[in-house]
Structure formats: structure tokens, C-alpha cells
Amino acid sequence: MDDRDEIRELKKKIFLTAYRAGSAHLASAFSVIDLLYVLYCKGILQYDAKEPWKKSRDRMILSKGHASLALYVILNRIGLINDEKLNGFCQPGSHLGGEPRMSAAPGIEASTGSLGHGMSFAVGIAMACKMNNYDNKIYVILGDGECQEGTIWEAAMAAYKFKLDNLVVIIDDNRLQAMDTVEEIMGITSWREKWGAFGFDVDEINGHDLDEIERTLLKENRRDVPRLIISHTIKGHGVSFMEGVPIWHYRMPDEKELEILQSELGISDEELIL
Amino acid sequence: MRDTYLKKLYDLAKRNTEVVSLVSDNGLIVYDDFRRDFPGRYFNFGISEENMVAAAAGMASCGKIPFAYTISAFIVYRAYEFLRDDICFQNQNVKLIGIGSGLTYSTLGPSHHTTEDIGILRSLPNLTVFSPATRTEVEWMMEKACEIEGPVYIRLSNNSKEYYNAPPSFSLGAPAVVKEGRNITVFVTGSIITEVMDAAAELECAGISIEVVSVHTLKPVDKKEIIRLLDKTKKFATVEEHNVIGGLYSVIAEALADEKVMFPSVKIGLNDVFATDYGTLQNVRYANGIRSDQIALKIREFLDGSI
């Protein structure tokens, strides 16, 4: 399988897991899965599945916790969440909820869900790793809508002040939030200027171009400077009727839409029943 | 009290290299020794309590033991959701140090008062809630806070008077007898113990003997010990620089209800109001009915059966 096929399989798994549970933030998971795939499956994020709690590991904090399914299927793929656990998503007796819970599985580095927490948490981790002289990287993925939370900017100031050149902040810039476009709701368009003004070294990528993601993630931080990657994405990427449509922030397809989704993600009727 | 905290923190940092100090634009001079001797373990987060609290949780997830220090009103109220989600929900080993608790900032008013903190913090799972009355209690608490592998809140204020002749053998959750007496047990928490001790002296002159008990730990609570203490006088008062809802009175009342016992009691504190007036701490305590003479009068009236 090539990378695109692999990602399509992951998207299938995201949908089927959500389908069994009856709900999930599908579109948010689809917008960030390409990035997570490159981060985890192209040897960028340094982890050891046999020793997942190793202190000097790289960490990824999914601050936009509602995209949890994207994280879960990736952790499933690298062997940190087994199929049975994944299949229990959001069902009675499960540890895997709609928002990630730190204690649920190795690889979930923070309990997120309330927006505007993950970046500060990641700043703390990056500071601790620097104190310990680790040569590791801390990645944190924010939603663009999430950047309306004030703590994002408190954390941005601190990241620059404390010279966190082990920190890579990624905005999943799909330009949508629950109700409408981010621009319509809060008039925000200029991430580059805003984060640049806070002292970050800013890159912009097409968050669905795997080579560009990889190339950019492999770039080193400038000494003493935290990085920001604006990852331009399409919310609901890969499912035509979801792409860029706000209502899909938290919704499951009806019968007609399901047929389209099945054909676009290659899901058979048998797979739906399982 | 704060000096004792800082000395103790310095000792702990010397003994344990994982201890780190986080502040939020305060403690300019008082942290000088710490900054000089542990420069890589002191961080000023500026005026951003939420960020400091969540970052402390992140550090703790890597094995650090952060002592996050700022004015208690801001660490508790401003940063509450971060305290809840990042520290308590994830059971992170962070020590939250609130300074200037209660009505300490008597000239600044309710924005700087903490008179509901015990109520809202006591309901947070995993959190130990300490409220020291004297320096001796602070010393014990700092050691205990380091022993506990989980979140701890210490509610500091400015009392410099000491009432323990020698450090008693404190126990987590078990209130400590500060002064023995026969007629009524007065439970108190935090630095308002000074008013209670003055009230006790005043009542002593009128032939009323008060037992003063410091409830230094508001969570967890040793209910059996509370009942054992009450066995002596069979009636009690609670005195707190806090709303009477959710604070010390609630702690004692819940303990008794849980154990299915009841004693006559009077609660003394802020009666579900924000504190009024400005001035010295004494003035503000007086304006809100919790100065020593007012406490003495309320206890007397209670014993006389008039309330």
C-alpha cells in the first residue's frame, strides 16, 4: 500500500469506529489525519512502542482533543492501542472517550477536550525536557478556532520567553469551527503575522501534501526559538459532502450520505455490520 | 508564614532536584535565595496564572515537582478550570501555593480576597487542601506536600504568631488541639486563629474555657477524630475567614452527618456575602463580624442559649 492507501484505511477505521459508537467529530479527525500519519509513520516522532513511557521520548499533545479518533487510529497502527480497545470507543466500559484521557493508553500524553489547555501543558513538558537536557521534540496540535482561547497566547509568550526550541506548534488551519468559518466568527485570518509577532519561526504548508508535511516537520528549530507550522487543511477531507461544511463539525451521515461516504472511503456493507 | 514557606521550599529544593518554583509576577525579593542557588529551577510566568498552572501540570507529567505560587485569589479563581482539568483530573504532582488568602489584602477588596476557595477546591477529586494557622503547621505541610504524590493546595496568609510550644505530631486530616478547654470546642482554620486565641483569652476572663482546634487539613478529613474531640465538650463553634457555605463549617457538619451524630453549634464567618469595607485586616475583620471581640460575643451568646 502506498501512503494514500494507508491514510484511506485510517479514515475507514475512523469512520467505522465512530459508526459503532454512534457519534464523533469526524470532520475534525479527517482534517488532521494526514499530518498525524506523517508525524508518526514516517519516523519523525521518536517513540519506542516497547518503552512508551521513556522519559526522553518525543511527545505529541492533541490540544484539539475532539479529533481524538485520528489519534486513536494512529496509536492503533503503531501498536499502542489494540483493536479491541479501539472498537470500544465511546461505549460502556471503554477508556477511549470522545476526548482523550491521559490514563487510557500510552501515547495519550495529556487529557484534553477543553480547548486552550494543550499548548500550556506542552510548554510545561518542553520546559521540563530542557531542564533534563533531553534532545527531544514536543509537538502540539491546535485548532485554528481554538486560538480564540486566551491561554494560547499566554503560552505563546511563555514559549518564546523560555526559548523553547524543542517545541513545534502546529495549527490545523481548516478555517472552520463549530458554527461557521473562523474568519466570520472572530475575524481571524493572519496567523503568520500573529505568531510571527510573538516570536515564532513560522512555516505554512498544505496539510494534505504528504511530502510537504514531511519536509517541513524535518526542519530543525532555530536555536532558542519555538516553531509554528500553519497546516492549511480541509475539514472533512476525503468525504465530498463534508469538506468545508460547518454542520459536519459534529454529525453522523444519514442513509443517503452514508452511501456516498462508503464509496468514497471504500467501505463495504459487510464492514458496516462488523 | 510566607518566610517559613520559602525557607522550607529552599530546603526541599536542596534535597530534591525535581522541585521547581513557578511564580506569576510576584515574590520579587522573597525568592532571591532560591533564584541565586537554583537558577535553572525558577520560572516567572508573568501575569498568566492559567498558563502557569497548566504548564506546571505538563512539568509534573515529566517527573518535576512544581510549586506554583501566586496570590490565592488568582491561582484558584482565575485558573480554576486549569487546576481541574490539567492538575486534578490528570492527578499531577503539582503543589499550588496561594498567598494572601482570606481577607489579607484588606485594602484591595473582594477581587483580591479568597473567601470561597475552600468551598470550590474541596470538591475537586485528588486534591489535598491545607490551610495552615501557624508557622509550625506550614513546616509540617511542606514536608507532607512533598510526600504526597498528587496535587496539593496550601492556603497561606500572614499570621506570624505561634501557638504551639513544640511541633505536635500532626496527622493528615486530623485537626490539632492548639489550646485545651472545657466548655466549648472552637474549630478554626488558617490565620484567623489569632482572633480566636484573643477571643479565648477574653472569654477565659469571664470564666468560659475554650478548646481551640486547628483544622489544618480541609481535605481529606479524619471524621472519627473530629467526633472524638467533640466528645469532650459536646458543643462547638466554627470560625473561618471564608464563606460559611462550603468552608470549615461545611467540613465539620458533613463529618458529623456522615457519622450520624449531632452537636449544638454556631458558625462564624462570612454569611454568604463578599467582604465589605477597607482598611487594616483588623478593620475588615471587624466590618465583617469576625474580630476577636465579636467572635467572643457570638460564642457567649451561643452558650447563653440566645442564638
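Residues numbered from 1 in each chain as written. Chains lettered and ligands numbered in written order. Predicted model: local features only at pLDDT ≥ 70, side-chain atom pairs only at ≥ 80, totals over all residues. Heavy atoms only, no water.

So, the environment of Leu26 of chain A
All names here are of chain A. For Leu26, the position within the fold is in helix 2 (residues 26-41). Separated by 23 residues in sequence, Leu26 and Asp3 have C-alpha atoms that sit 20 Å apart. Leave out the neighbours within four places in its chain, and Leu26 touches Ile14, Phe15, Ala18, Met242, Arg251, Met252 and Pro253. (Helix = DSSP H or I, 4+ residues; strand = E, 2+ residues; numbered from the N terminus. Contact = heavy atoms within 4.5 Å.)

Here's the deal with the environment of Ala159 of chain A
All names here are of chain A. With respect to the element layout, Ala159 can be found in helix 6 (residues 150-161). We classify Ala159 as buried; its relative accessible area is 0%. As for Ala159 and Phe200, which are separated by 41 residues in sequence, their C-alpha atoms are 8.7 Å apart. If we ignore the near neighbours within four places in the chain, the residues touching Ala159 are Val123, Leu164, Leu167, Phe200 and Pro226. (Buried < 20%, exposed > 50% of the residue type's maximum accessible area, 1.4 Å probe, protein only.)

Remarks on the pattern of salt bridges
Using the criterion set out here, one finds 35 salt bridges over all chains in the structure. The salt bridge involving Glu204 of chain A is made with Arg192 of chain A; its shortest N-O contact spans 2.8 Å. Of this pair, Glu204 of chain A sits in strand 4 (residues 201-206) while Arg192 of chain A sits in helix 8 (residues 191-197); the two residues are twelve residues apart in sequence, bridging distant segments of the chain. Judged by its relative accessible area of 34%, Glu204 of chain A falls in the partly exposed class. Ionic pairing is found between Glu241 of chain B and Arg285 of chain B, a salt bridge with its closest N-O pair at 2.6 Å. Of this pair, Glu241 of chain B sits in strand 11 (residues 236-243) while Arg285 of chain B sits in helix 11 (residues 281-287), and the two are 44 residues apart along the sequence. (Salt bridge = Lys/Arg side-chain N within 4 Å of Asp/Glu carboxyl O.)

Looking at the layout of surface pockets
Residue and element names in this part refer to chain A. Reported here for the largest pocket is a volume of approximately 310 Å³. What lines the largest pocket is a set of 18 residues, among which Asp58, Asp135, Asn136, Lys137 and Glu220 lie closest to the centre. Split by residue class, the lining of the largest pocket holds five nonpolar, six polar and seven charged. For the second largest pocket, the calculated volume is near 240 Å³. If you trace the second largest pocket, you find 15 residues lining it, with Glu9, Lys13, Asn76, Asp83 and Leu86 closest to the centre. If you list the elements that add at least two residues to the lining of the second largest pocket, you get helix 1 (3-21), helix 3 (68-77) and helix 4 (83-87). Broken down by element, the lining of the second largest pocket gets its largest block of residues, seven residues, from helix 1. Of the residues contributing to the lining of the second largest pocket, the split by class is five nonpolar, two polar and eight charged. (1 Å grid on protein atoms, 1.4 Å probe; cavity = no way out; pocket = protein on both sides within 12 Å on 5 of 7 lines; lining within 4 Å. Points joined across faces, edges and corners; volume = space filled by probe spheres on them. Nonpolar A, V, L, I, M, F, W, Y, C, P; charged D, E, K, R; others polar.)

Functional significance is not addressed by these values, which are geometric in nature.
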